[in-house]
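Close look at the chain arrangement
What follows is the residue order along each chain.
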Amino acid sequence: MQHNMAIIGFGGMGGWHYNKIKELIPDLNVKGAYDIRPEIEDKIKNNGLHVYQNLEEILTDEEIDLVTIAVPNNFHKEYSIACMRAG
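Residues numbered from 1 in each chain as written. Predicted model: local features only at pLDDT ≥ 70, side-chain atom pairs only at ≥ 80, totals over all residues. Heavy atoms only, no water.

Summary statistics for the chain give a mean pLDDT of 95 and a share of 100% for residues scoring 70 or more. Mean pLDDT across the elements of the chain ranges from a minimum in helix α4 (residues 76-86), with 94, to a maximum in strand β3 (residues 50-51), with 98. (pLDDT = per-residue confidence, 0-100. Helix = DSSP H or I, 4+ residues; strand = E, 2+ residues; numbered from the N terminus.)

Core analysis: the biggest nonpolar cluster contains 13 residues, and M5, I7, F10, Y18, V30, I44 and L49 have the highest contact counts within it. Among the secondary structure elements, those contributing two or more residues to this core are β1 (3-8), α1 (12-24) and β2 (28-34). Top element by residues in this core is β2. It accounts for three residues. Ignoring any residue separated from it by four or fewer positions in sequence, one finds M5 in contact with I21, L28, N29, V30, K31, G32, I64, L66, V67 and T68. (Core = buried A, V, L, I, M, F, W, Y, C linked by side-chain atoms within 4.5 Å. Buried < 20%, exposed > 50% of the residue type's maximum accessible area, 1.4 Å probe, protein only. Contact = heavy atoms within 4.5 Å.)

What follows covers the sheet that holds strand β4 (residues 66-69). Taken together, four strands build an open sheet; the order of strands is β3-β2-β1-β4 and the sheet is parallel. Edge positions in the sheet fall to β3 and β4, since each of these pairs with one other strand and no more. In this sheet, β3 lies alongside β2 in parallel orientation, the contact comprising two bridges. Opposite A33, over in β3, you have V51 as the bridge partner. Contacting β1, β2 and β4, α4 crosses the sheet at an angle of about 175° to β4. (Pairing = 2+ DSSP bridges. Axes fitted to C-alpha atoms, helices over the stretch in contact; angles between N-to-C directions.)

For the rest of this paragraph, the subject is α1. In this model α1 runs 18 Å from its N-terminal to its C-terminal C-alpha over 13 residues, within 8% of the 18 Å that 1.5 Å per residue would give. Taken together, the buried positions of α1 are G14, G15, Y18 and I21. Seen along its axis, α1 keeps its buried residues to an arc of 125°; they face one direction. Of the exposed residues in α1, the ones pointing more than 90 degrees away from its buried face are G12, E23 and L24. Of the surrounding secondary structure, the elements contacted by the buried residues of α1 are β1, β2 and α2 (41-46). (Expected span 1.5 Å × (residues − 1). Arc of directions from axis to C-beta.)

With that settled, the discussion passes to the side chain of N4. Examined against the element boundaries, N4 turns out to sit in strand β1. Ignoring any residue separated from it by four or fewer positions in sequence, one finds N4 in contact with N29, E63, I64, D65 and L66.

This brings us to the pattern of salt bridges. By the definition in use, this model includes five salt bridges. Between D61 and K31 there is a salt bridge, with its nearest N and O atoms 2.6 Å apart. One end of the pair, D61, is in the loop between α3 (55-59) and β4; the other, K31, is in strand β2, with 30 residues separating them in the sequence. Look at D61 and you get buried, because its relative accessible area is 15%. On the accessibility criterion, K31 (23% relative accessible area) is partly exposed. With its nearest N and O atoms 3.2 Å apart, the salt bridge here joins E41 to K45. Here K45 and E41 lie together in helix α2, a separation of four residues that amounts to about one turn. The exposure class of K45 is partly exposed, given its relative accessible area of 45%. Taken together, the salt bridges that share partners define one network made up of K31, D61 and E63. (Salt bridge = Lys/Arg side-chain N within 4 Å of Asp/Glu carboxyl O.)

And the structure:
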């Protein structure tokens, strides 16, 4: 069974996570990513991913089964809590 995930933060670590998932976990589909920096949008698109415009769009996407949070550590708590509350 294939699962869908989204990545929050698609800079260095987000891109690294994406590449490792593609390489090592073929049953996990990275559907898209969100990054607060507009200049990262092209990087997301160039990887064939959906560009989420904000966190709420990820949280309300019923196809998403899990989220990888790849942002600076001081933002993990806020994003983690929001994701858990969204289920």
